[in-house]
Each structure stands twice: as structure tokens, then as C-alpha cells.
Amino acid sequence: MMVSESEVARETLSQALQVAKTDSCVLITGETGTGKELLAHTIHEHSRRQSQPLITVDCSSLPESLIESELFGHERGAFTGAQAMRRGRFEQAEGGTLFLDEIGDMPFDLQTRLLRVLSDGNFYRVGGHSAIKANVRVIAATHQDLEQRVREGVFREDLYHRLNVIRLRLPALRERREDVPMLTRHFLKQSAQQLGVESKRISDAAIATLVHFQFPGNVRQLENICHWLTVMAPAQVIEPKDLPPEVTAGLPAAAVESAPEVSASLLVSAPPAWGAPEVASTPAPVHASTVAASMAQAMSDWETGLEAEALSLLAAGREDVWDAIVNRVEARLIQTALNNTRGRRIEAAQKLGIGRNTITRKIQELGL
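Residues numbered from 1 in each chain as written. Predicted model: local features only at pLDDT ≥ 70, side-chain atom pairs only at ≥ 80, totals over all residues. Heavy atoms only, no water.

### Structural notes on the overall build of the protein
Looking only at helices and strands, the protein features 17 helices and nine strands. Scored against the burial criterion, the 368 residues of the protein give a buried share of 43%. Pairs at least 24 apart in sequence give 73% of the contacts found in the protein among residues at least 6 apart. When the accessible area of the protein is evaluated, it comes to approximately 19,300 Å², of which 51% is carbon and sulfur surface. (Helix = DSSP H or I, 4+ residues; strand = E, 2+ residues; numbered from the N terminus. Buried < 20%, exposed > 50% of the residue type's maximum accessible area, 1.4 Å probe, protein only. Contact = heavy atoms within 4.5 Å. Areas by Shrake-Rupley, 256 points an atom, 1.4 Å probe, with all protein chains shown as cover.)

In C-alpha cells, the structure reads:
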């Protein structure tokens, strides 16, 4: 179930429900983790093909040598190891929907075969000589800029126009912050059910901290955070200090202990279905400062703060002061760069002046 209270997300859902009634190709765009596959499921479930299969292919996870066989199947003896005939995903999705995730990563040669299927509705198994009719509705998704990929010559322009019949854009979570409270409570409840434990509650202060977080990993990152909190938070009520380091890194201690308040409209308690009718309400005004203001004040003299932190650790008898401080600085630098580049690691590494392998290793070491 998709849940949202934001106007921009509701508009996307409304368009999705409209196009679900047709057999038109749909291209879903949006950053990684925004819920493109979930939107594809929504379209299929509200289409006349809902009783037929929805088959998903992740074009970025399959080796180039296997993706053609994966999509179109193969005949016995078509290549070494093909000991029996195999039906591909197009045949498996017969009468239903084929969801091609990360279509921007599809090999160029295979794009030609996909274009032919979309053009005339026929395809051949690998090693086959008989045309097979495809009665399949295609939904594609990507986090990449396909227009740019076309300009770079790595994505066919004619295929792009075939796919881009109806285009739906899923907004990043930072563009619909009003959804964070309801999604947080929804995912906390979902994680508790999965783990067979009592669902934890989250304080308004902790919610406020999450609302101001950038979420480079979008809804998927929030879901992972809620699962982490279900396992790791020590008490039944989650406070700002219980939030994972990726959320609280760089915040002043005062902001973590007493997070900024947010308007009552952001602190809803129940997650209604995405697209459900709005309920009129008049939230009471809440006077509050923002995390940004707190951070600006706390970071006005970061060198003094760094010195104070080092003195505090030294006074405590720590013998890992260097690692403790350097790790925090590196984590904050990398997280800030990733936020700036919307999660694109290679671009973040370039802006930081480090190698792509270095940033990948640091992300793993620092648990980002």
C-alpha cells in the first residue's frame, strides 16, 4: 500500500490510476528508493490485467550475457548449458504486465530487440526461428536521465520515445516532507509485525528530527531506519537520541536532545491510504526554531567545537581519539556530499576529491 499526504505525490497517484485503465507504455522516473516498483504494482493492480501476472526484471542486476535469454527465453541447445527450452519473462507475463526496472542500464544491442517487440508485438526466443506474439503491457522505470543517455549515445532515441508514452515522476522524500511522520509510523508498525514484536512509538521531537533529514535514500532509507529502530532503540518510545548516526551526524547535542518542533499538520498519527480523501483540520500553531538554525549557531565556530570534543575524549581517557574524531568528520563529509549529489557516489567522490573506490570503502566502513 502506498501512503501519502503530499499534494505532489497525490497528483502522481492520480495520473497513475488514470493510465492504469489503458494499455499504454509507462515510464516511471525518480531517484533511487522513491518507490517506482510500488507504483508499477499500483498501476497493474488497477488495470484490466490485474488477474494476470506482473513480472519484474531488474535490468541493472543481470549479466549482459544473460539478459536476452532472461527476457525472451531460449531454445534447447541455443548456447552452451541450454539443456532445455526456457520461457522468458515476456512469455511469463503473457496477458499481464512486464516491469522493466532500471531500463537505463539495458545493453544497447538488447534495446534494439526490445524496440522491435514494442513496435510489432513479436519476438523470438534465443536460438528460435518461430515468432511469438506478445500480449504484454510494458512499464519501465529508471533513476537516470534518459534524455542525457540518448545524447551520450548509450540509449536509443527511438526506444526512448516508445517507452515515454506516459511519463510519471515520483518525487523525492525531501520534496514531500509532510509524508515523513505517517510513513515513519507505518514502517515502525510494519517492522514490528515482521519481527513479531510490539510496535514502538516515536516522540514528536524524534519525528521533527526525521522531517528535517535529507533522506538521500528516500523512502527506502526511511523504511530501513524504522527497521533499525525497531531492533536497536532501547525503549518503547523512540527519542531523538535513539535515531541512527546517519540522521543525527552533525547535529548539535542540544538539537539531538531537544529536536525542533514542527507544525501539528506534520505530526499525524495514522497513515491513510495514498490518494484517500483529505480530512479538513485546523492545526494549532506551534512556535519552534528549525534544525538548520540550530546547526548554524552551533557550527559558527566549528574549530572551537572540535577542540572541545577532543579535550572531552582525552579527559575521559580514550585511546582512540584520532579515529573517533576523524571517522565522524569523514562520515559527515561523505553524507553531506551524497546529499548534495542526491546519492550519486561517483559524483560525490569527485566533489570531495577522492576516488570512487575510496568513497565506497568509507561508506561501508562508516556504516553510512
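### As for the sheet that holds strand β6 (residues 137–142)
Reading across the sheet, the five strands line up as β2-β3-β6-β1-β7 and stay open at both edges, with parallel pairing between neighbours. In the strand order of this sheet, the two ends are held by β2 (54–58) and β7 (166–169), each with one partner. Each adjacent strand pair in this sheet contributes to an overall mean axis angle of 20°, direction not counted. The pairing of β2 with strand β3 (residues 97–101) spans five bridges and is classified as parallel. Bridge assignment links L54 to a residue of β3, and that residue is T97. (Pairing = 2+ DSSP bridges. Axes fitted to C-alpha atoms, helices over the stretch in contact; angles between N-to-C directions.)

### Brief notes about the environment of A93
Relative to the assigned elements, A93 resides in the loop between α4 (89–92) and β3. The spacing of A93 and I55 is 38 residues in sequence and 5.7 Å in space, taken between C-alpha atoms. Setting aside anything within four residues of it in sequence, one finds A93 in contact with P53, I55, L98, N135 and V136.

### Some thoughts on a nonpolar patch on the surface
Taken together, the side chains of L195, V197, W228, V231 and M232 present a nonpolar region at the surface, about 450 Å² in accessible area. Top contributing element to the nonpolar patch by residue count: helix α10 (residues 218–232), with three residues. (Patch = residues over 30% accessible without salt bridge, like charges linked within 9 Å, V, L, I, M, F, W, Y side chains within 5 Å. Salt bridge = Lys/Arg side-chain N within 4 Å of Asp/Glu carboxyl O.)

### What to know about the nonpolar core
Burial of nonpolar side chains together is a common tendency in soluble globular proteins. Counting residues in each nonpolar core, the largest one holds 31 residues, and the members touching the most others are L71, F90, L98, L100 and I103. When contributions to this core are tallied by element, the ones reaching two or more residues are β2, α3 (64–72), β3, α5 (108–120), β6, α6 (146–151) and α7 (157–163). Looking at which element gives the most residues to this core, the answer is α5, with five residues. Every residue in contact with F90, bar those within four places of it in the chain, is listed here: L71, F72, L98, L114, V117, F123, A134, V136 and V138. In this structure, L173, L210, F213 and V219 belong to the second largest nonpolar core, which totals 22 residues. (Core = buried A, V, L, I, M, F, W, Y, C linked by side-chain atoms within 4.5 Å.)

### Considering the pattern of salt bridges
Evaluated as defined, the whole model comprises 17 salt bridges. R86 is the salt-bridge partner of E70, the closest N and O atoms lying 3.6 Å from each other. Linking E70 in helix α3 with R86 in the loop between α3 and α4, this pair joins segments that are 16 residues apart in sequence. Judged by its relative accessible area of 29%, R86 is partly exposed. Across the pair R125 and E91 runs a salt bridge, and its minimum N-O distance is 2.9 Å.

### A look at the packing of aromatic side chains
In this structure the tally under the stated criterion is four aromatic pairs. Measuring from centroid to centroid gives 4.8 Å for F213 and F215, while their planes differ by 75°, and the two rings are edge-to-face. By relative accessible area, F213 is classed as buried at 6%. Within the aromatic cluster, the residues linked to one another by ring pairs are F72, F90 and F123. The ring of F72 carries R113 above its face, with NZ or CZ at 4.2 Å from the centroid. (Phe/Tyr/Trp six-rings, centres within 6.5 Å; stacked < 30°, edge-to-face > 60°. Lys NZ or Arg CZ within 6 Å of the ring centre and 35° of its normal.)

### Quick look at the environment of Q144
Counting through the fold element by element, Q144 comes out in the loop between β6 and α6. On the basis of relative accessible area, Q144 is assigned to the buried category, the value being 18%. Considered as a pair, Q144 and T29 are 115 residues apart in the sequence and their alpha carbons are 7.7 Å apart. When neighbours within four sequence positions are excluded, Q144 is seen to be in contact with G104, D105 and R149. Within polar-contact distance, the side chain of Q144 engages the side chain of R149 at 3.3 Å. (Polar contact = N/O pair within 3.5 Å; in protein donor to acceptor, adjacent residues only side chain to side chain.)

### Quick look at the pairing of β6
The buried fraction of β6 is high, at six of six residues. Residues R137, I139 and A141 of β6 are buried on one face, and the alternating residues V138, A140 and T142, pointing to the opposite face, are buried as well. Inspection of the sheet shows strand β1 (residues 26–29) paired to β6 by four bridges, in the parallel sense. Pairing of T29 across the sheet is with T142, part of β6.

### Examining the confidence of the model for the protein
On average, residues of the protein carry a pLDDT of 83, and 83% of them reach 70 or more. Confidence drops under pLDDT 50 across residues 258–300; counting only partners more than four residues distant or on other chains, this segment forms 74 contacts. (pLDDT = per-residue confidence, 0-100.)

### Notes on the environment of L170
Note that L170 resides in the loop between β7 and α8 (180–195). Taking the C-alpha atoms as reference points, L170 and E11, separated by 159 residues in sequence, lie 9.8 Å from one another.

### Structural notes on unusual backbone geometry
For E102, which is not glycine, the phi torsion reads 55° and is therefore positive. Tracing the chain through its elements places E102 in the loop between β3 and α5. Of note, the phi angle at N218 is positive, near 60°, even though the residue is not glycine. Locating N218 in the fold gives a position in helix α10.

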